[in-house]
Amino acid sequence: MKRRTLLTAITLAPLASAVGTAHADGTGATATRAATADGDADWDTLGNLLSGYAGHWTSPPATTDPDRLTNKMTDGALLGNGELGVVVGGDRNTLRLYLNRNDFWTTPGADGAHPIALGGLTLRKVSGSDGGTAYEMTQDILNAEVRTELTVNSVPVRTRTFVADSADIVVTEVSTTGTAEVRLALDAWTKSGASQYPAKSGTEGSTLWAERSTESASSSQWVSRMGLATKVIGASVSTGTNSTGTSIAVFTLKPGETVTIVSAVEGGRGVTDHVSRAVATANAVTAASAADLSTKHRHWWKQYWLKSYVRVYDPSLEKYYYGSQYLLGSSSRRGSTGPGLWGPWGTTDTPEWNGGYFLNYNALAPYYGAFSSNRIDIAEPMIQAVLDYRSTGTANIARVQTTPGGAVNSRLSQVFKESVPASTRGYLYPVSIGPQGASGEWTFWNQPTNASYAAVPMVDKYEYAPDTGFLKDTLYPYLLELANFWEDYTGPKEADGKYHFMGAAYEQDWAKDDALGLAAIRYVLTRTLKYSEQLGADASRRDKWKDTSSPACRTSRPCPTTARRSTTVTTPTPTSRRLSAGPSATWSSSIPSATWTWNLPRSSVGRRSTRLTRWTPGTRETTSPRATGWRRASAIRRPHSKRG
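So, here's what we can say about the structure. (Residues numbered from 1 in each chain as written. Predicted model: local features only at pLDDT ≥ 70, side-chain atom pairs only at ≥ 80, totals over all residues. Heavy atoms only, no water.)

## As for the overall build of the chain
When its secondary structure is counted, the chain shows 14 helices and 25 strands. Sorting the 644 residues of the chain into buried and exposed places 59% on the buried side. Across the chain, every contact between residues at least 6 apart in sequence was considered, and the portion connecting residues at least 24 apart equals 68%. In the form shown here, the chain has an accessible surface area of approximately 24900 Å², with 49% of it arising from carbon and sulfur atoms. (Helix = DSSP H or I, 4+ residues; strand = E, 2+ residues; numbered from the N terminus. Buried < 20%, exposed > 50% of the residue type's maximum accessible area, 1.4 Å probe, protein only. Contact = heavy atoms within 4.5 Å. Areas by Shrake-Rupley, 256 points an atom, 1.4 Å probe, with all protein chains shown as cover.)

See below:
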């Protein structure tokens, strides 16, 4: 089963902006002035660079039409503050904002947790014809805002929307460049039509509100409730509720004036005062504080971009890279809930593949480039989700034994079940998990490697920002449980004097000594061994770890290979022919390339895998084996360091 992950960041070591520090030796003033000048120069460079990579629409994005919503990735413009996400779209005469939060998940039972849609805002005509077809929308990733130009009743209407960074507040400024005024209606709504997710709306004074809840059946692990409140600043409004339960505010937009729409979202797991909190948050915003939110918002993003930047002098690659970094900063931040497959931008209740945290790389891959680009905190929500699942991961081993097994290609096969007896120690994570210890899809597809894959962001966090407390209290205990698992899963050496196991480099496979499993064992045990020595812990177990990990993809048990076009290349399993199927052939066993590589001679690795392993974080220069454009990348400049 193939999945497209929402966020994809190139694992490429970027150029970090130099940030100077003051010194106690009397050079502080000079250093500070130099740092300021350097930062200004960097910001000028970034401003020119990122302005050229803005997104532009000259026709409305199709999947923001209420009748054409997608359960995959929307084609609308995207905004977010790491928790609250906004999809911007509509049609040539209507602005639609779809609002959602990363933590709005329903949990119908022991598994099947998935995010659902919240609701949004619609700015439209009150009556009359929709003359005029002019339309333009710009997603400005430099300032993290979306600007639209619509035509309502033949009047040109401009909007600017951003999401505040200090609170879950959406601000939309509305103005006209025309000479005539226009009557506008603003709808605040939550998704309706699904009785298991109760929704309603109303008004409180001139403030609109709407609310929605996740499923509250007896089997639900928890109930999450969200409230949306909206008010208009800068115009007199009349409010009401229509027959479908949508709250409406009507106001007049006049030439030369700006109307500000402020929307707040409050709620979460177990919250019951979500509506009153949302109303209070929205009502507390004034014209002056809305302007302050805008100033602080631009400052936050300036600091985010100044953490690092890279030039590879290839517009396509740079647009992809910075677009990916923009999505990361918009959807994941420390202290928030991690984004699922489609981020905080889901617009339906039935996201594809349940929108979960797929641990066989989809949910993890976005963060591979966060560490080398000096944005370590961006990975914190994903790391927390993995840690929150630990007790469930332990319990899964016993649960597997009480669950009927099926055919080899089933979600839980009998052969996989038998490979994980009740005596197995450690963690067994399914393919997909959710936040707060929930299971997304309690499916294994014969892959015992998911918990090991999930360790990569934690290891990267420590390697890029060493913290002995984190290593001792969190990372090492997690790796130790994985080491326990692999010791039990591989068992004793077999007659040939080697360790063997069964697994699946590809979902539903069942093969001996698959490449993904080999890479996982080596990755986990070499790092467990390294940190054991660093902490002075578990010395008696080190020989076992060395013995188990040393044959993995090395001499006594080489990686599986096959012949392709007269070249010997790696392959997922000794008998696999998948490599001939296309570019994803070695994907599962080579991602993340900088950490799960086998360090083989270039001649023994396929072309695609070679290119991946060359993109290695932490080096002073990143080049491509084939593209000369990569060679123009300069030395990495990191904060608090001299120029490279």
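## What about the sheet that holds strand E19 (residues 357-358)?
On the basis of which strands lie adjacent, the open sheet formed by 3 strands has the order E19-E20-E21 and antiparallel pairing. Because the sheet does not close on itself, it has two edges, and the strands there are E19 and strand E21 (439-441). In this sheet, strand E20 (residues 432-433) lies alongside E19 in antiparallel orientation, the contact comprising 2 bridges. Bridge pairing links Tyr357 to Ile433 in E20. (Pairing = 2+ DSSP bridges.)

## Regarding the pairing of strand E7 (residues 119-125)
Extensive coverage of E7 is indicated by the burial of 5 of its 7 residues. Examined bridge by bridge, E7 and strand E12 (residues 182-190) share 7 bridges and lie antiparallel to one another. The partner of Leu121 across the bridge, within E12, is Ala188.

## Considerations on the nonpolar core
Ranked by internal contacts, the top residues of the largest apolar core, which has 132 residues, are Val88, Trp305, Tyr322, Met382, Leu475 and Tyr478. Looking at this core element by element, the count peaks at 12 residues for helix H10 (residues 468-490). Listed in part, the 16 residues of the second largest apolar core include Ala164, Val171, Val275 and Ala290. (Core = buried A, V, L, I, M, F, W, Y, C linked by side-chain atoms within 4.5 Å.)

## Section: helix H11 (residues 515-535)
In this model H11 runs 30 Å from its N-terminal to its C-terminal C-alpha over 21 residues, within 8% of the 30 Å that 1.5 Å per residue would give. Of all 21 residues that make up H11, 16 are buried, and the element is covered over most of its length. Capping the start of H11 is the job of one residue whose side-chain oxygen sits 3.1 Å from the backbone nitrogen of Leu516: Asp514. Backbone geometry just downstream of H11 places Gly536 in the positive-phi region, at approximately 70°. (Expected span 1.5 Å × (residues − 1). Polar contact = N/O pair within 3.5 Å; in protein donor to acceptor, adjacent residues only side chain to side chain.)

## A few points about the pattern of salt bridges
All told, the structure shown has 27 salt bridges when counted by the stated rule. Arg147 is paired through a salt bridge with Asp140; the nearest N and O atoms lie 3.1 Å apart. By relative accessible area, Asp140 is classed as buried at 8%. The shortest N-O distance in the salt bridge between Asp349 and Arg212 comes to 2.8 Å. Of this pair, Asp349 sits in the loop between helix H4 (315-331) and E19 while Arg212 sits in strand E14 (residues 207-213), and the two are 137 residues apart along the sequence. Residues Asp349 and Arg212 agree in their burial class; the two are buried. Here the salt bridges share partners, and the residues they tie into one network are Asp140, Glu145, Arg147, Arg160, Glu173 and Arg298. (Salt bridge = Lys/Arg side-chain N within 4 Å of Asp/Glu carboxyl O.)

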